[in-house]
Amino acid sequence: MTPRADILKDVVADLRIAASFVTILPVASSKPSGEGAIARATWALPAAGLLVGLAGALVYKVAIRVGLPPDIAALLALATTTLITGALHEDGLADTADGLGGGRTRERRLEIMRDSRIGSYGVCALILSFGLRWSALAAIANPWAVMLALCAAHAAARAGLPAFMLLVAPARPDGLSANAGAPPGRSVATSFAIGTLSLALALGPGKALVGLVLLSLAGLMLARIAIRQIGGQTGDILGAFEQVGEILILLVAAAFLHGGG
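Predicted model, so just to flag it, every value in this text is computed and none were measured.

Caption draft 1: Just a nonpolar patch on the surface, in detail. Together, L209, V210, V213, L214, L217, L220 and F256 make up a nonpolar patch on the protein surface, roughly 600 Å² of accessible area in all. The leading source of residues in the nonpolar patch is helix α12 (residues 205–230), at six residues. As for its placement among the helices and strands, V213 is situated in helix α12.

And the structure:
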């Protein structure tokens, strides 16, 4: 096999790994067992996010075509992206809100975050997440602009995850985040590049910069809170980071693409 074929094979494998871990799509027969495989494949997380965004955009366009108003179409688009991801990131957001909001000690916060039951903080966080994203999509309205916004949001929100995993140590020795390991620098840089390019193509360079600044600030704030409250990051923290990023980019898109302009 030629070096070029080997590279292509690795790229496809990484894409399948990334998609299998952030969606419920049957793109991989089993989870990778090779050491460092998951960490290496994190560069492809924003690419997997693009697929999720496209699926939501397609449902939105079909809903508009059959005569449904933008608010209902937006809700259907959100339902689609949530179903495709298996509500993975929403679950992380809810667990993070419950743990950080309801626990008084590091051990208690981590215990709450592992509890499958959802509390009042988690419910409120989910209401805010769905409400803000739904409102943003309904305000954008235009199907083409909605597609750009969804693709940019789902790609950019995942683009910062490798950097977060590299810079913030796991809060505990087990769990999804700890088992995945720290992504290599190349994966971090590639993921960031894909996310930045997605933002620039969807919103334009100036507006993309606004989105990047907001995402960076959100990541720094969440990292600081996670380190102080539980000693590092977990899979739930990463899910919360994705949700916050998705919300921020959709709000930026709504501000600049309102009415499709």
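Caption draft 2: Here's a closer look at the packing of helix α8 (residues 143–159) against helix α11 (residues 185–203). Where α8 meets α11, the axes come as close as 8 Å, and the angle between the chain directions of the two elements is 160°. Accordingly, the angle class assigned to the pair α8 and α11 is roughly antiparallel. Handedness of the α8/α11 crossing: left-handed. For the pair α8 and α11, the contacting residues are L148, A152, A155, A156, R158 and A159 in the first and S191, F192, G195, S198, L199 and A202 in the second. The residue makeup of the contact of α8 with α11, split by class, is eight nonpolar, three polar and one charged.

Caption draft 3: Representation of helix α6 (residues 106–114) within the structure. Taken residue by residue, α6 has R109, L110, I112 and M113 as its buried positions. Angular distribution of buried residues about the axis of α6 spans 160°; they occupy a single face of the element. Residues of α6 that are buried make contact with α5 (88–102), α12 and α13 (235–257).

Caption draft 4: Fine view of the packing of aromatic side chains. Applying the stated criterion across every chain yields a total of one aromatic pair. Over the face of the ring belonging to F130 we find R133, whose NZ or CZ atom lies 4.7 Å from the ring centre. One residue, K207, lies across the ring of F256, its end atom 5.4 Å from the ring centre.

Caption draft 5: Main features of the nonpolar core. In this structure, L137, I140, L150, L199, L203, I249 and L250 are the most contacted members of the largest nonpolar core, which totals 30 residues. For this core, the secondary-structure elements that each account for two or more residues are α3 (45–65), α4 (70–85), α7 (120–140), α8, α11, α12 and α13. Top contributing element to this core by residue count: α8, with eight residues. Look past the residues within four positions of I249 in its chain and what remains in contact with it is A152, A153, A156, L199, G211 and L215. Residues A48, F164, V168 and I230 belong to the second largest nonpolar core, which totals 22 residues.

Caption draft 6: Structural context of the pattern of salt bridges. Counted under the stated rule, the structure contains six salt bridges. A salt bridge links R133 to E246, with the nearest nitrogen and oxygen atoms 2.8 Å apart. A residue pair is termed long-range when its members are at least 10 positions apart, and R133 in helix α7 and E246 in helix α13 qualify at 113 residues. The exposure class assigned to R133 is buried, which follows from its relative accessible area of 0%. What makes E246 buried here is its relative accessible area of 2%. Residues participating in the shared-partner salt-bridge network are E90, R133 and E246.

The rules behind each value
- Residues numbered from 1 in each chain as written.
- Predicted model: local features only at pLDDT ≥ 70, side-chain atom pairs only at ≥ 80, totals over all residues.
- Heavy atoms only, no water.
- Patch = residues over 30% accessible without salt bridge, like charges linked within 9 Å, V, L, I, M, F, W, Y side chains within 5 Å.
- Areas by Shrake-Rupley, 256 points an atom, 1.4 Å probe, with all protein chains shown as cover.
- Salt bridge = Lys/Arg side-chain N within 4 Å of Asp/Glu carboxyl O.
- Helix = DSSP H or I, 4+ residues; strand = E, 2+ residues; numbered from the N terminus.
- Axes fitted to C-alpha atoms, helices over the stretch in contact; angles between N-to-C directions.
- Parallel < 35°, antiparallel > 145°, perpendicular 65-115°, else oblique.
- Left-handed = near helix turned anticlockwise from the far one by under 90°.
- Contact = heavy atoms within 4.5 Å.
- Nonpolar A, V, L, I, M, F, W, Y, C, P; charged D, E, K, R; others polar.
- Buried < 20%, exposed > 50% of the residue type's maximum accessible area, 1.4 Å probe, protein only.
- Arc of directions from axis to C-beta.
- Phe/Tyr/Trp six-rings, centres within 6.5 Å; stacked < 30°, edge-to-face > 60°.
- Lys NZ or Arg CZ within 6 Å of the ring centre and 35° of its normal.
- Core = buried A, V, L, I, M, F, W, Y, C linked by side-chain atoms within 4.5 Å.

Distances and angles like these do not, on their own, reveal function.
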